[in-house]
Amino acid sequence: MRIAACTVNHIVNPLGFCLGDPTFAWTVEEATGSRAQASRLVVSDGGQVVADTGWTDLDSLGCRLGLTLTPRTRYEWQVSVRSDAGEEATSDAQWFETGKLGEPWQARWLTCDSQEERHPVFFRDLPLSGEVAQARAYVCGLGLYELRVNGVPASEERLAPGTCAYDRWLQVGTYDITQQLQDGSLVEVALGNGWYKGRFGFDPGRGGWYGDNWELICELRVRYADGREEVFGTDVDWQVRRSNVTFSNLYDGERRDDTLSELPVVAATLLDERRAQEQTDKLEDRWSLPVMPQEEFDVTLVTTPAGECVFDCGQNLAGTFRLRVHEPRGTVVRVQMGEVLQEGNFYRDNLRSARAEYVYVSDGAEHVLEPRFTYFGYRYAKVEGLAQPDAADFVAVATYSAFPSDTGRVVTGHAGVNRLVENARWGMRSNFVDTATDCPQRDERMGWTGDAQVFSPAALLLGAPAAFFAKYLHDMAHEQDKFAGMVPLVVPAFMLGGTTGVWGDASCIIPWNVYRATGDVSVLERQIDHMAAWVDYVERVDGDDHGWGRTHQLGDWLALDNYLPGKEERKGGTDEGYIAYAFYLNSARIVAKAARVLGRTDMADHYDRLADRVLAWIRSEWFSPNGRCCVDTQTAQVVNLAFGLMDEARAAERLVELIRLNGDRLSTGFVGTAFLCDVLSEAGHSRVAYDLLLNEDFPGWLYAVNHGATTIWERWNSLDEQGRISGTGMNSLNHYAYGEVVEWIFAHAAGLRSDAPGYRSAVVAPEPSWRLRTLEMTLESAVGMWRVAWRCVDERRLRVEIVVPFGATAQVRLPFADEAAYQALGGRELSAGSYQVEYETTEPLRRVPCADWTLRELVASADTRSVIARHVRHVDMLPPETLDLALREALPLLSQGVPGTRELSEDAAERLDAELRALAE
Ligand code: BGC
């Protein structure tokens, strides 16, 4: 038995984070027993025990001890677990270290001439007076900062302090610089523009939404081997030199000129007192996970038909690069980024106004270039100015927030589906860059709330972004405070007001999804008042005359079914008001559920009553007295099913029909697509869900895969059939919303569906498909590692393997299984352990359509229906009495002059039978 995945606030050994009352979590692996009998958590500070739970019942998903923490203190902790089989294990020693926790600063805010475009480096040589035993730096530099000690970056972190509502709060980073100070004492902080003061947001001419000046505060605390402590805060004894970086912002890139001569070093300027106090009041220990360089990609060198030199890293990603250069002095090397080639040539019109380039002027020496104060969304890098471009000199570096991004994995026997899952993962990696962005490449990259909430369930399956979302939600809460409960369209808001349903509902949906995935109630505790504030805001706007429905709504964004003249082409055909109320209802229900989890019964009752009133309004406004929904789109039916707005069978039947009427294709946008396959499966139409998933044509997920996508596209047809970009106005090749379908792959194709927070208990109900043939899913969930695998051994034999983690239970529903299969597996209710079974299925796994199938079955699927349609006109008008007959029996009836049918020849049954069998999977 072994203790694993130890985290505090969902972070491994957090340094300097805002932790509140820390939440401890862990899992148990390799145990003989199936659950914990008792656990013990001990927290100490420098060997002194500050908390010891003794052997008791502890919640491994989120255990809090009511600790009161001291600033700048490293606490060690260890957890021990005894299993029900008598084993015992103790975790490796873990730690967390507090930041300044709001204590006063012994440092002053500095600034410098901010008109000078060469970026400043604030520095000081520390007058150290002994052997350094421990050293920490507490820093906030605006817009971006990079702390270096003796020329070496204090950490691999990029783009610190990240983005946030800088008008409300500023994040302090804590760095352990003990090691770096052994070799010298030069401390430097280089500043860039970033989100704070660089060009960003929708106003192209505007830079500096939050400020125009470079500003820095830094407190260095050194403990000597002899026990003395010294503090070196930024003050007038710091100086400023200018680096060779002459330009930087997030959209346009960075420029460095190594031919420039040194500018005189000047003394740093103190920020005026009022401003300094304002800034100090906003300082908080960090919430942002560090943005870190992660995967690296070697590239291939492509010479395009236009003669350009382009490096292809094979993966669309967010990040930077390293480029080795050795060119004569004065040579200008230019690297420009793009996502796709067009007719083989470099292309990037879809980046809109973002210049996305790195420009370097050589001093004649050899250097490895790496942008520091920008990032790009790219797969292709066009390079100019190199005498002999060499792929070996360029490395693409994916850079994003440091959360585990591969804790959920699915591999099937279908290469396209596997690529789709990885595309969704890369969509997540590329867009979880400190805030949850819409895209990483064009002049946008903003924290769109709608996109984030739509994708959040998939994100919480593919990875473990609880701490990432904690920061996003903290920022959102700050914005809500500013806007009286309203959730802005983007977080941080960059001064953009305004909201809509679906987007603002992120405030309720994301914390609820995080809680469901992790089982940690602290996210609900932190957010509940802001979740409620959002719903209250909508209620206020709604007033007594249903005003919410008359506000501007984005609706089923980018759906394909917009048919009303004058409507914005981006909005889809589903009544936006209807969607807005459905989400309002959903949010009110979520607040009620969350309040119940927290034991706030009055609050729960209040929001339940509100939800009832909203539901009554929806029913009276959009439903016939008999219960038919008069918003008749795929997305409306999806919403009806997802939020239980009408009779399930009736909504599902209409949804399936609408898909069929659309040529067996989806037409949904951000809203409908998120739930489409799930609601189909939940209503018993998994076959239709599989048909949609595996459809290779436009519109469908595999269309993009087949056109070379390595992330998820913003639009179903971002590229047309010929691979041409379909438009440049709003067309990113790295948007994650449609990647939410991977939730269906986990929950239905693999069949793992949590039914208790943190996956403490789950339904395991795999839905195998001959078209995938095999599937293996592993999920390092909050409670531990789940595994579900199935394999169609042959047309009648299925092998299923299930691993239930320690501390969890599963209710299993084997597909096409009789009682013997359950017995061989070990039962329907499983506790922790490994189980497998191979059994004869009660129905064939391989679908071989034939003339013995009923007409109803044959017209239900696109492929078989089109065979029937070749012989029988008006397949939608078949006489009802023929539907439940086998095709063979129905044919004579159909050929006996039934109106609208063709004359069928004698051997029609055999020909049809052959054509149908040719469709066998
Ligand atoms: C973004 C979307 C976003 C939308 C809403 C777009 O520009 O890229 O993903 O949700 O705007 O207006």
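That block above? That's the structure.
Since we're looking at a predicted model, the values are computed, not measured.

### Section: the site of the ligand
The local shell around the ligand consists of Asp 438, Arg 442, Glu 444, Trp 448, Asp 451, Trp 503, Leu 554, Trp 557, Phe 670, Glu 714, Met 730 and His 735. Contact between the ligand and Glu 444: an oxygen atom at 2.5 Å from a side-chain N or O atom of the residue. Trp 503 places a side-chain nitrogen or oxygen 3.1 Å from an oxygen atom of the ligand. About the coverage of the ligand: the protein hides 93% of its 310 Å² of free accessible area. Split into classes, the residues belonging to the shell around the ligand amount to 6 nonpolar, 1 polar and 5 charged.

### Digging into helix 20 (residues 908-917)
Within helix 20, the full set of buried residues consists of Ala 908, Ala 909, Leu 912, Asp 913 and Leu 916. Buried residues in helix 20, looked at end-on, bunch into an arc of 130 degrees, giving them a common side.

### Notes on the sheet that holds strand 14 (residues 186-192)
Within a sheet, adjacent strands bond to each other through the backbone by hydrogen bonds, running parallel or antiparallel. Read from one edge of the open sheet, 6 strands run 12-11-14-9-17-20, paired in antiparallel fashion. Taken across any chain shown, the strands that pair with only one partner, and hence form the sheet edges, are strand 12 (152-153) and strand 20 (266-267). Two strands pair when backbone bridges link them, and strand 11 (residues 144-149) and strand 14 are joined in this way by 6 bridges, in the antiparallel orientation. Note that in strand 14 the partner of Leu 147 across the bridge is Val 189.

### Points about the side chain of Thr 500
Residue placement: Thr 500 occurs in the loop between helix 5 (466-482) and helix 6 (506-518). We classify Thr 500 as buried; its relative accessible area is 1%.

### Some words on empty space enclosed by the protein
Under the defined criterion, the tally for this structure stands at 6 cavities of 30 Å³ or more. If you add up the space inside the largest cavity, you get close to 170 Å³. Contributing to the lining of the largest cavity are 18 residues, with Asn 9, Trp 287, Ala 467, Ala 470 and Arg 526 lying nearest its centre. Secondary structure elements with two or more residues in the lining of the largest cavity: helix 5, helix 6 and helix 7 (522-542). Tallied by class, residues from the lining of the largest cavity come to 11 nonpolar, 4 polar and 3 charged. Lining the second largest cavity, in full, are Leu 420, Asn 423, Gly 700, Trp 701, Ala 704, Val 705, Thr 711, Ile 712, Trp 713, Arg 715, Trp 716 and Tyr 738.

### So, the pattern of salt bridges
A complete count under the given rule lists 78 salt bridges for this structure. One salt bridge in this structure joins Lys 100 and Glu 219, with 2.9 Å as the shortest N-O distance. Taken together, the positions of Lys 100 in the loop between strand 7 (94-97) and strand 8 (110-111) and Glu 219 in strand 15 (residues 215-224) put the pair 119 residues apart, joining distant regions of the chain. The class of Glu 219 is buried, set by a relative accessible area of 0%. Note that Arg 847 and Asp 863 form a salt bridge whose closest N and O atoms lie 3.1 Å from each other. You can see Arg 847 sitting in the loop between strand 41 (829-840) and helix 17 (855-860) and its partner Asp 863 sitting in helix 18 (residues 862-871), a full 16 residues away along the chain. With relative accessibility at 10%, the residue Arg 847 sits in the buried group. Each of Arg 72, Lys 100, Glu 103, Glu 219, Arg 221, Arg 223 and Glu 229 takes part in a single network of salt bridges with overlapping partners.

### Points about the layout of surface pockets
Looking at the largest pocket, its volume works out to about 1400 Å³. Lining the largest pocket we find 39 residues, and of these Arg 687, Val 688, Glu 857, Ala 860 and Ser 861 sit closest to its centre. Tallied by class, residues from the lining of the largest pocket come to 20 nonpolar, 6 polar and 13 charged.

### Here's the deal with the packing of aromatic side chains
With the rule as written, the count across this model stands at 41 aromatic pairs. Judged by centre distance (5.1 Å) and plane angle (80 degrees), the rings of Tyr 166 and Tyr 196 are edge-to-face. One end of the pair, Tyr 166, is in the loop between strand 12 and strand 13 (170-176); the other, Tyr 196, is in helix 1 (residues 194-197), with 30 residues separating them in the sequence. The class for Tyr 166 is buried, based on a relative accessible area of 1%. A relative accessible area of 1% places Tyr 196 in the buried class. Through pairs of rings, three or more aromatic residues link up here, namely Tyr 400, Phe 403, Phe 432, Phe 455, Phe 468, Phe 469 and Tyr 736.

### Examining the nonpolar core
If you look at the biggest cluster of nonpolar residues, it comprises 241 residues, and the most contacted ones within it are Trp 26 and Trp 786. Of all the elements, helix 8 (residues 576-597) adds the most residues to this core, at 14 residues.

### Here's the deal with helix 4 (residues 449-462)
Structurally, the α-helix is built with 3.6 residues per turn, so residues lying three or four positions apart point the same way. Taking 1.5 Å per residue as the helical rise, helix 4 with its 14 residues ought to reach 20 Å, and the 19 Å between its terminal C-alpha atoms agrees with that figure. The axis of helix 4 is deflected most strongly, by about 50 degrees, at Ser 456, and proline Pro 457 appears within four residues downstream. The element helix 4 is largely enclosed, with a buried count of 14 among its 14 residues.

Thresholds, definitions, all that
- Residues numbered from 1 in each chain as written.
- Predicted model: local features only at pLDDT ≥ 70, side-chain atom pairs only at ≥ 80, totals over all residues.
- Heavy atoms only, no water.
- Near = heavy atom within 4 Å.
- Polar contact = N/O pair within 3.5 Å; in protein donor to acceptor, adjacent residues only side chain to side chain.
- Areas by Shrake-Rupley, 256 points an atom, 1.4 Å probe, with all protein chains shown as cover.
- Nonpolar A, V, L, I, M, F, W, Y, C, P; charged D, E, K, R; others polar.
- Buried < 20%, exposed > 50% of the residue type's maximum accessible area, 1.4 Å probe, protein only.
- Helix = DSSP H or I, 4+ residues; strand = E, 2+ residues; numbered from the N terminus.
- Arc of directions from axis to C-beta.
- Pairing = 2+ DSSP bridges.
- 1 Å grid on protein atoms, 1.4 Å probe; cavity = no way out; pocket = protein on both sides within 12 Å on 5 of 7 lines; lining within 4 Å.
- Points joined across faces, edges and corners; volume = space filled by probe spheres on them.
- Salt bridge = Lys/Arg side-chain N within 4 Å of Asp/Glu carboxyl O.
- Phe/Tyr/Trp six-rings, centres within 6.5 Å; stacked < 30°, edge-to-face > 60°.
- Core = buried A, V, L, I, M, F, W, Y, C linked by side-chain atoms within 4.5 Å.
- Expected span 1.5 Å × (residues − 1).
- Bend = angle between axes of the 7 residues up to and from the residue.

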